[in-house]
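Chain by chain, the residues run as shown.
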Amino acid sequence: MLRLFFFLFLVFLHISVFAQDSEDFEGDAEIFGPTRVNGTVGNGALSVGISQWGEITVLRYPSPSFWDQLDYKTKEGERSRRLKYFGALENQGGFIFVYDGSNMISLRDLDIQNIKQYYKSQDSGVLVTEYYVDKDTKVYVYDFVYPVSDIFVRRIKIETAKDSDFYVVHFLNLAPTTIKVPKLPLEDWQDDTRNDFAAFTTDDGISVQFVPFSKDRDFLRSEYEKIKGYTYDQLLKYSSEMTGIFLAFKFFGTKGDWSYVGFDQRCGDGRTIPSVISASAFSRILNKDIFVSDRSYSLCSADAFSAVKACSQGGCEDVFFVLSAGKTLDSALSNIRSLSYEKVQLFESQTDLFWQSNVKILESQKFFGYLNQAEKELCKRALISLIQATDRETKATVASISTQPPYAEDWPRDGAYFNLFLGLSGFSDLAEERNIFYEKVQSKEQEGEIPAGTWRMNFYADGMIGGPWDFEIDQVGFVLWSWANHLNFTKNKIEFVRKIYDALKLSSYEVLINCKDDRGTGLQCLAHEDDQVYSSITMVGSGTVYAGIRAAMKIAKIIGDTKLYKDLEARKIELENAIFKNYADPSSGFIFVPDDPHQGMSYVLFPADLPMSDDWVENYGRSAIRVLYYNFYEAKYLIYEAKWIMSVIVAAERLKKRRFQVYQEFRGEAEKFLRILVEEVPTSTKHMGEVVRVFVDENGRYRYENRIAMPHIWEATLTCLTSIALRYPESLKYMGIDSLDQKQEDVASGCQCRSFSTESLLLLLLILTVYFIMMRFTGRYKNFNRV
């Protein structure tokens, strides 16, 4: 209970910080610790996060969602960015040394100006980190996860003009775990000294670190008490008879390799130090003592290194650090023992082919040709990242594989946009599987005051509840919106509708129709909205519930459920009137101040698609533009800005036929801010964070620094969807926007007639003038005047 209270406090502090002025963020914005990830590789089961310095900082298995198997944690608070390694201990994570026989060079400690990171190509799943060691030596590291099996590979290439031997040493500090807790996604990373269990090297030079499967720490402690006095042979036998998490790794080269595991001095969770301890692997590296031939093992707390000779006087060869993950000792070892130096060399090209084939599907879509080059690159990387972050078994997709903050869960809110992007990109089958996942994790029964037909804050990939909030009403609207949008892409509409219809009907009656504000406003009921700590009734819930009602009506119509359709239609009218009464000015519509717009206002046109007069639409669009100017140039703090850009794009499209000059103006503003998001904000690896800090140098140049949950899949996906909407507006009809071909209603005055733009009135005046002249000179006017 205390840990839950602590986590709730952290979440409250984390979210409340977002409401402050940007100048107050220092020291608070990253209370979970800064995300030290700049690139990711994965296959839907084994996921690895790599820092800008080439360190391994996240290693998840057997899902992108759980568990993090690495001993790594940065220090809490944004100020820790000023610390070395962001405050992580010097022996945490995984990183590479190069040894020339006299100097042990830590590649991560090179000046950042001498490190360059990028993906091998726009359609590649291979991350490349270049190190300029000195004027004579350059090191390349190629990171990837093999799509076919759970193997992580680091190909290391040395180019040097020096006529000397070079060795590559890979340090790795793992902390395998199988423990996760509902509503508290911290157990696998917050204190890794409690997770570490045992490690050993095999006679053929493979290092293995493992933990038995356990749902709680009491069992893990009892197992440790059983083995803490084991010999090497006893430990080997014990490990071969259980299931759990097993991570095996070694180098492949032709000039000789070495391996070692040691005791890293951090035996936590009240466990006593084992009877046999050895020097830590990290200390042996610092002492340049890496040529180890004896087998080694460690209990309770372990670190390890693998070493290989890469260069001799005859030249250098590529060497391969290979890590295999499995749930038994045999599965982890067999993956490595089945490999050879020649076979590993083929893995990289096969991985490239796999990701290229996926990207080609995206490139074949009609909208893709309308994107500019930068937008194409961003969308390609967004697709690859999304697929990598999708669980191979359940198809749940995490917001980010990051541990800091703990975003490796599936938020249905984010997932609705993922599904839309997948459908547009030609991956409708995957989108359908993900939509079915939401049907499975829906709450089918009422629990206390939580209605049936709802979704929790987020979910681990196996369906276990992830975050602390039980009822987020906007998630209901988003899931139903996702289901309706999927009808634009699925091959068999009726079959899909039948799979989700009972769930849709449950949500429709229990939440959309009957869960109302008990104050009699006609708005939705009190609930959590968009991960906010306190329950509330705002446009976040109103806009998404309205979108959900529209979506449910479409599906009810397809299935022929007249009663549900009419019940939803009546609720739609009631909620629509309540929204206008509670959030809009009767004469001007939705106008809001730029420094406190409330994120819910971004839902007015997308996805809510509320009916509004042209005057209201124009006023709304101008207000959204003011928000963008404020965030980019005054607050200098960006979060979910593509929402506002999308709003401006939809406003422009609504006005295109009647206020063409405003349409052009709005599109110009949308393009201006979208260009910054696409071309200037992303990292060198084309990733985006949840938050972007904006800095201005002494020359007035803007610099954008991505923070929090790198890479944030939803930010990149939303930005790509916004690019698609701008370049190919026809796509909006596939995004649930139905108003573009309809006449706009004058909601402010209640008039159901068409609203005329200034241009239309001028044209009408010109026609009347011409008609008057014709009457005057043909004599008809004079005859008419006599009557």
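Reading the values: the criteria
- Residues numbered from 1 in each chain as written.
- Predicted model: local features only at pLDDT ≥ 70, side-chain atom pairs only at ≥ 80, totals over all residues.
- Heavy atoms only, no water.
- Disulfide = S-S within 2.5 Å.
- Buried < 20%, exposed > 50% of the residue type's maximum accessible area, 1.4 Å probe, protein only.
- Helix = DSSP H or I, 4+ residues; strand = E, 2+ residues; numbered from the N terminus.
- Patch = residues over 30% accessible without salt bridge, like charges linked within 9 Å, V, L, I, M, F, W, Y side chains within 5 Å.
- Areas by Shrake-Rupley, 256 points an atom, 1.4 Å probe, with all protein chains shown as cover.
- Salt bridge = Lys/Arg side-chain N within 4 Å of Asp/Glu carboxyl O.
- Core = buried A, V, L, I, M, F, W, Y, C linked by side-chain atoms within 4.5 Å.
- Contact = heavy atoms within 4.5 Å.

Asker: Even after reading the chapter, I still don't get the state of the cysteines, so can you show me in this structure?
Answerer: What makes a disulfide is a covalent bond joining the sulfur atoms belonging to two cysteines. Counted under the stated rule, the structure contains four disulfides. Two residues, Cys 311 and Cys 316, share a disulfide whose sulfurs are 2.0 Å apart. On the sign convention where negative is left-handed, the bridge of Cys 311 and Cys 316, at about 110 degrees about the S-S bond, is right-handed. A relative accessible area of 0% places Cys 311 in the buried class. By relative accessible area, Cys 316 is classed as partly exposed at 35%. Put simply, Cys 515 and Cys 525 are joined by a disulfide, and their sulfur atoms are 1.9 Å apart. Note on the Cys 515 and Cys 525 pair: the S-S dihedral is about 95 degrees, so by sign convention the disulfide is right-handed. Within this pair, whereas Cys 515 is found in the loop between helix 11 (493–513) and helix 12 (539–559), its partner Cys 525 is found in the loop between helix 11 and helix 12, the two being separated by ten residues in sequence. Each member of the pair Cys 515 and Cys 525 is classed as buried.

Asker: Looking at this model, I keep getting lost on a nonpolar patch on the surface. Mind explaining?
Answerer: On the surface, a cluster of nonpolar side chains totalling about 190 Å² of accessible area is made up of Ile 494, Ile 558 and Ile 559. By the element assignment, Ile 494 lies in helix 11. For Ile 494, a relative accessible area of 31% gives the class partly exposed.

Asker: What is the right way to look at the nonpolar core in this model?
Answerer: For soluble globular proteins, the rule of thumb is that nonpolar side chains tend to be buried together. One finds Trp 483, Phe 590, Leu 610, Met 612 and Met 735 to be the most contacted residues of the largest nonpolar core, which totals 243 residues. No other element matches helix 12, which puts eleven residues into this core. Grouped together as the second largest cluster of nonpolar side chains are 16 residues, Tyr 167, Ile 290, Val 292 and Phe 305 included.

Asker: Got a minute to help me understand the side chain of Thr 719 in this structure?
Answerer: Within the fold, Thr 719 resides in helix 17 (residues 713–727). The class of Thr 719 is buried, set by a relative accessible area of 0%. Apart from the residues lying within four places of it in its own chain, the contact partners of Thr 719 are Leu 378, Ala 642, Leu 674, Leu 677, Val 678 and Met 688.

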